[in-house]
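Residue-level listing of the chains:
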Amino acid sequence: MDSASARIDERITELGDWRGKTLARMRAIVHKADPGIVEEWKWQKASSPGTPVWSHSGIVCTGETYKSVVKLTFARGAALDDPSGLFNSSLEGNVRRAIDIREGETIDAKALTALLRAAVALNLEVTSRPKAKRAGSKQATGAARRKR
């Protein structure tokens, strides 16, 4: 079982309860929002089975499962507009924002789709920006010497 998609399938099956069903629904919304999304499986270690990650030009969001919530964490969520108020967790952070989904809760698929598309657009914008030269870097220092 090497592929990330297969690992996510396996995780959904092994959960076998509302969390697996919720994760599967969120996954379907993610792929419908942006067919260019790539599935990854990250941060696997002895104490953790790993985490489903959906990326497009960088991490869009992760799909963690806990005893009482399925958590979608948006890597750059703090920079996204959330007019529908989906973000309900990790609100104090400077970068990430999350959506905690509890058993029996529904999520507005249209609002989530808009949030996912905005996250992809932000990733594309950030990755297309030219990298600024830092003062003191070899390139910046060399350029300063040439100007003298």
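1. So, the pairing of strand S1 (residues 38-42)
So, step 1. Side-chain alternation along S1 places Glu39 and Trp41 on a buried face and Val38, Glu40 and Lys42 on a face that remains uncovered.
So, step 2. Pairing geometry for S1 and strand S2 (residues 51-55), over five bridges, is antiparallel. Considered in S2, the bridge of Val38 is made with Ser55.

2. Digging into the nonpolar core
So, step 1. If you look at the biggest cluster of nonpolar residues, it comprises 31 residues, and the most contacted ones within it are Trp54, Leu72, Phe74, Ile99, Leu112 and Leu116.
So, step 2. Listing elements by their share of this core, those giving two or more residues are helix H1 (4-15), helix H2 (18-33), strand S3 (59-65), strand S4 (70-74), strand S5 (97-101) and helix H3 (109-128).
So, step 3. Ranked by residues supplied to this core, first place goes to H3 with seven residues.
So, step 4. Phe74 has contacts with Val60, Cys61, Leu80, Phe87, Val95, Arg96, Arg97, Ile99, Leu112, Leu115, Leu116 and Ala119, leaving out every residue within four places of it along the chain.

3. So, the pattern of salt bridges
So, step 1. Inspection of every chain in the model, using the stated rule, returns six salt bridges.
So, step 2. Ionic pairing is found between Arg27 and Glu39, a salt bridge with its closest N-O pair at 2.7 Å. Here Glu39 lies in strand S1 and Arg27 lies in helix H2, a separation of twelve residues in the sequence. Neither Arg27 nor Glu39 differs from the other in exposure class; each is buried.
So, step 3. Note that Asp100 and Lys71 form a salt bridge whose closest N and O atoms lie 2.7 Å from each other. With Asp100 in strand S5 and Lys71 in strand S4, this pair connects stretches of sequence that are 29 residues apart.
So, step 4. On the basis of relative accessible area, Asp100 is assigned to the buried category, the value being 10%.
So, step 5. For Lys71, a relative accessible area of 13% corresponds to the buried category.
So, step 6. Three or more residues joined by partner-sharing salt bridges are found here, namely Asp9, Arg27 and Glu39.

4. Structural notes on the side chain of Arg27
So, step 1. Judged by relative accessible area, which is 13%, Arg27 ranks as buried.
So, step 2. In terms of polar contacts, Arg27 uses its side chain to reach the side chain of Glu39, at 2.7 Å.
So, step 3. In this structure, Arg27 is in contact with Ser5, Ile8, Asp9, Ile12, Glu39 and Trp54, ignoring residues within four places of it in sequence.

5. Notes on the pairing of S3
So, step 1. Within S3, six of the seven residues are buried, which leaves it mostly tucked inside the rest of the structure.
So, step 2. Of the strand pairs in this sheet, S2 and S3 are connected by three bridges, and their pairing is antiparallel. Across the sheet, the residue bridging to Val53 is Thr62, located in S3.
So, step 3. By the bridge criterion, five bridges tie S3 to S4 in an arrangement that is antiparallel. From the neighbouring strand, Glu64 faces S4, where its bridge partner is Lys71.
So, step 4. From the end of S3 to the start of S4, which pair antiparallel, there are four residues.

Calculation notes
Residues numbered from 1 in each chain as written. Predicted model: local features only at pLDDT ≥ 70, side-chain atom pairs only at ≥ 80, totals over all residues. Heavy atoms only, no water. Buried < 20%, exposed > 50% of the residue type's maximum accessible area, 1.4 Å probe, protein only. Helix = DSSP H or I, 4+ residues; strand = E, 2+ residues; numbered from the N terminus. Pairing = 2+ DSSP bridges. Core = buried A, V, L, I, M, F, W, Y, C linked by side-chain atoms within 4.5 Å. Contact = heavy atoms within 4.5 Å. Salt bridge = Lys/Arg side-chain N within 4 Å of Asp/Glu carboxyl O. Polar contact = N/O pair within 3.5 Å; in protein donor to acceptor, adjacent residues only side chain to side chain.

Keep in mind these numbers describe shape, not what the thing actually does.
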